[in-house]
Structure formats: structure tokens, C-alpha cells
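Breakdown of the fold
Listed below, chain by chain, are the residues.
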Amino acid sequence: MEGAELEYEFVRFSRDDAVATITLDRPDAMNALSHGLERELHHALDEADADTAIRVIVLTGAGRAFSAGYDFDDEVPGKDATTAETLGQWLDTNQRSVEGFMHVMELSTPVIAAVNGWCLGGGFWYALCSDITIASEDATFGQPEVRGISSSSILFAVLAGWKNAHRYTLTGDHFDAAEALRMGVVNEVVPADRLLERAYALAARIAMVPADSVRLNKAITTYGLEAMGLRNAHNVMAFLATIAHASGDSPDVRHLNEAYRRGGTRAFLDARDGPFQPEPGGPRSRRDG
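Residues numbered from 1 in each chain as written. Predicted model: local features only at pLDDT ≥ 70, side-chain atom pairs only at ≥ 80, totals over all residues. Heavy atoms only, no water.

1. A few points about helix α9 (residues 211-227)
Two residues of an α-helix separated by three or four positions point the same way, owing to the 3.6 residues in each turn. This is how the line gets drawn: Helix and strand definitions follow DSSP, with helices as H or I runs of at least four residues and strands as E runs of at least two, each counted in order from the N terminus. Take the residue count of a helix, subtract one, and multiply by 1.5 Å to get its expected span. Each residue is assigned to one of three classes by its accessible area relative to the maximum for its type, calculated with a 1.4 Å probe on protein chains only: buried under 20%, partly exposed between the two thresholds, exposed over 50%. Along the arc lie the directions from the helix axis toward the C-beta atoms. The contact criterion used throughout is that any non-hydrogen atoms of two residues lie within 4.5 Å.
Across its 17 residues, α9 extends 24 Å between first and last C-alpha, which sits within 8% of the 24 Å expected from 1.5 Å per residue. Looking only at α9, the buried set comprises Val 214, Lys 218, Thr 222 and Glu 226. One face of α9 carries all of its buried residues, which in axial projection span an arc of 95 degrees. Exposed and facing more than 90 degrees away from the buried side of α9 are Ile 220 and Ala 227. Residues of α9 that are buried in the fold lie against α3 (83-106), α8 (195-207) and α10 (230-245). Downstream of α9 by one or two residues, Gly 229 has phi in the positive range, about 115 degrees.

This is how it looks when you write it as C-alpha cells:
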């Protein structure tokens, strides 16, 4: 699609007729969710939502990932941080995440996530909170961060069911697009070279429905889930996630902290995920894949 480009540093925003495309654009970092990228993402979502000519938003990622999750450099408190500072930082981060996911759900304009490649951690959560999610055949999902004391999203259990969610949130294992479809966390799976084509075709069908009908029916499901307790569950999740993140001095993860101090993110990931190889989630999650 072609359309007028707006100025952003970490996302690309374009529009063509009734469809806006927001592309996470930190490909060298696998579109990791830095504070700057996330701030621009929500600004772009608001910009699209405020334009009455835009009827659907397509959200995707540049390069080989939708998003690999939250940026390590933004997340990790300094080693000299006090307990109060650590708790405060994590609570702010987790509350901001909750508001971000609810922001996507509460937009009046539907969001179609077109998931290419890696979709991990916070990136996976954005795919979950989008109204419709289409995955390429080579997409890989997961929350491997739980192996280092981290949190999952209540939306995973809401969409996939309690037992399916526990299969992956209690191991951190990756899973492929076919498994995501089986569990109900994506709507359909298509060849990689047809991903955006399919997203735009579905967006065009939605755009044919009267705008008020789309807006109100999206509100019915979103606010219905909130009335059933989704927002409260998200808020509880933020508090429990803060406790989880603040438990980073546990003896169980001492070797991970040391790996990070010694060799940075790559050493941390090798120490965290190495013992779990090979994984059941398809060749993209294997060392030899």
C-alpha cells in the first residue's frame, strides 16, 4: 500500500484510503519495545483513531519480527537501585503496559495485527489485545522472559483457556503459528508473502460496514469484557508483575544476572534459554533452525 508518510522515529505511519498502517520500525533490535517506540505507537494509534476517514488500522513490524518484546535497556533497574526504587520503577512500567493494552482495545477503530516472524513478550501481548490477529506461517510466539522471573498476560488465558496458557506461561516455551491458531490467539495463518495482502483484504471488508456499527460492536465486546472484570484483572496483573520483577535477586536467577553483567543481553539469553533447547515450538525456536 502507498500513502502519505508522517514523521516518526521508531514507527512508520501511512494511510491509503480507509486503512492506516502502523509499522514498528526498529528492525535491527527486532522491534523491541523501547519507551520511545511505545510512546510513538500510541501517538500513531490516536492519530489514526481521530481521523474519521480511517476505518481500520493494520499493525505490523519491519524486518524479521513483529516485536521481540520489551527492550532490556529500558527495563532493567540499575544495580544500585534501592528496593523502593526498584518497586516504583516496575510498578510504573507495569501500569503503563496495562494502559497501553487497554488503549488498543478501547480504540473506536479496529486494529488488525499482521504478525510476521518473532512475536515475543510484550510484542505477543500487543498481538493478543488487537481486535483481529493474522499470523504468517513463519511466526513464532512466546514469553521466554518468564524463565527469568517475569509475568504473563491475563489476556492469554482469556483467549486460549487456562490450561493452554499454563502450558506456555509456566515453561516460557515458544510456539508456532499453527499452535497459536489451535489455541485461538490468532484468527488465521497465511504464507508470509501474503500476510499484508490478507490483512488489507480483511480491512477492506470491515471498511464496507457502517462506521457506527463497527465502533459500537467493538465497544460491546471490549466494555463487556471490562464489565466481566478484565480491567481489574489487568490491574491485579500489574501489581503481581511488580512483585515478580522485583524478585530478580532470587538465587534461582543469580546466574542470569551474572551472565547479563558479564556479557550483556546475548549472554543473558544464552544462559536463560540454552537449557530449554531444543524446544517443541518448531524449527524457528531451535538453535539449529
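2. Here's the deal with the sheet that holds strand β9 (residues 140-142)
Neighbouring strands of a sheet are bound in pairs by backbone hydrogen bonds; such pairs are parallel or else antiparallel. To keep things clear, this is the line we draw: We call two strands paired when DSSP finds no fewer than two bridges between them. Convention adopted: a line fitted to C-alpha atoms gives each axis, helices being fitted over their contacting stretch, and angles between N-to-C directions are expressed from 0 to 180 degrees.
Pairing is mixed across the open sheet formed by 4 strands, whose spatial order is β5-β7-β9-β10. For this open sheet the edge positions go to β5 (65-67) and β10 (175-176), each flanked by a neighbour on one side alone. Two elements, β9 and β10, share 2 bridges in a ladder whose sense is antiparallel. Looking at the pairing, Thr 140 lines up with Asp 176 of β10. In the packing of helix α4 (residues 121-129) onto the sheet, the strands contacted are β5, β7 (118-120), β9 and β10, and the crossing angle to β7 comes to about 90 degrees.

3. Some remarks on the confidence of the model for the protein
Predicted coordinates in regions of low pLDDT should not be interpreted in detail. Rules: Per residue, pLDDT captures the predictor's confidence, and it can take any value from 0 to 100.
The predicted model of the protein averages 89 in pLDDT, with 92% of residues at 70 or higher. Every residue in residues 1-5 is under pLDDT 50, and counting partners more than four places away or in other chains gives 14 contacts.

4. Re the environment of Leu 37
Looking at the element boundaries, Leu 37 is found in helix α1 (residues 35-50). On the accessibility criterion, Leu 37 (0% relative accessible area) is buried. C-alpha separation for the pair Leu 37 and Ile 54, spaced 17 residues apart in sequence, amounts to 22 Å. For Leu 37, the contacting residues outside a window of four places in its chain are Phe 10, Val 11, Leu 24, Asp 25, Arg 26, Asn 31 and Ala 32.

5. Quick look at a nonpolar patch on the surface
Just so we agree on the cut-off: Grouping into patches uses exposed residues only, defined as over 30% relative accessible area, and leaves out salt-bridged ones; the cut-off is 9 Å for like charges and 5 Å for nonpolar side chains (Val, Leu, Ile, Met, Phe, Trp, Tyr). For accessible areas, the Shrake-Rupley method is used with a probe of radius 1.4 Å. Any residue's cover is judged against the shown protein chains and nothing else. Each reported salt bridge corresponds to a side-chain nitrogen of Lys or Arg within 4 Å of a carboxyl oxygen of Asp or Glu.
Judged by side-chain polarity, Val 158, Leu 159, Leu 225 and Met 228 come together as a nonpolar surface patch covering roughly 370 Å² of accessible area. Among the secondary structure elements, Val 158 is positioned in helix α5 (residues 154-160).

6. Brief notes about the packing of α1 against α3
For the record, the criterion: The labels follow the angle: roughly parallel below 35 degrees, roughly antiparallel above 145, roughly perpendicular from 65 to 115, and oblique for the rest. Crossing handedness is read from the near helix: turned anticlockwise from the far helix by less than a right angle, it gives a left-handed crossing, and turned clockwise, a right-handed one. Each residue gets one label: Ala, Val, Leu, Ile, Met, Phe, Trp, Tyr, Cys and Pro are nonpolar, Asp, Glu, Lys and Arg are charged, and the others, such as Gly, are polar.
Across the interface, α1 lies against α3 with an axial gap of 11 Å and an inter-helix angle of 25 degrees. When the axis of α1 is compared with that of α3, the two are roughly parallel. The crossing of α1 and α3 is left-handed. Residues His 35, His 42, Leu 45 and Asp 46 of α1 form the contact with α3, whose participating residues are Arg 96, Gly 100, His 103 and Val 104. A per-class count over the contact of α1 with α3 returns 2 nonpolar, 4 polar and 2 charged.

7. Concerning the packing of aromatic side chains
The condition that has to hold: Centres within 6.5 Å make a pair out of two Phe, Tyr or Trp rings, where for Trp the six-membered ring is used; the pair is then stacked when the planes are under 30 degrees apart, edge-to-face when over 60, and tilted otherwise. Criterion for a charge above a ring: Lys NZ or Arg CZ within 6 Å of the ring centre, and within 35 degrees of the ring normal.
Using the criterion set out here, one finds 11 aromatic pairs in the structure. Centroid distance Phe 124 to Phe 175: 5.8 Å. Interplanar angle 80 degrees. Geometry classified as edge-to-face. Note that Phe 124 is positioned in helix α4 and Phe 175 in strand β10, a separation of 51 residues in sequence. Overall, the relative accessible area of 0% leaves Phe 124 in the buried class. For Phe 175, a relative accessible area of 1% corresponds to the buried category. Judged by centre distance (6.0 Å) and plane angle (15 degrees), the rings of Phe 156 and Phe 175 are stacked. You can see Phe 156 sitting in helix α5 and its partner Phe 175 sitting in strand β10, a full 19 residues away along the chain. Taken individually, Phe 156 and Phe 175 each receive the classification buried, so the pair is uniform in this respect. Through a chain of ring-to-ring contacts, the aromatic side chains of Phe 124, Phe 141, Phe 156, Tyr 168 and Phe 175 assemble into a single cluster. Here the guanidinium or amino end of Arg 167 rests over the ring plane of Tyr 168, the centre of that ring lying 4.6 Å away.

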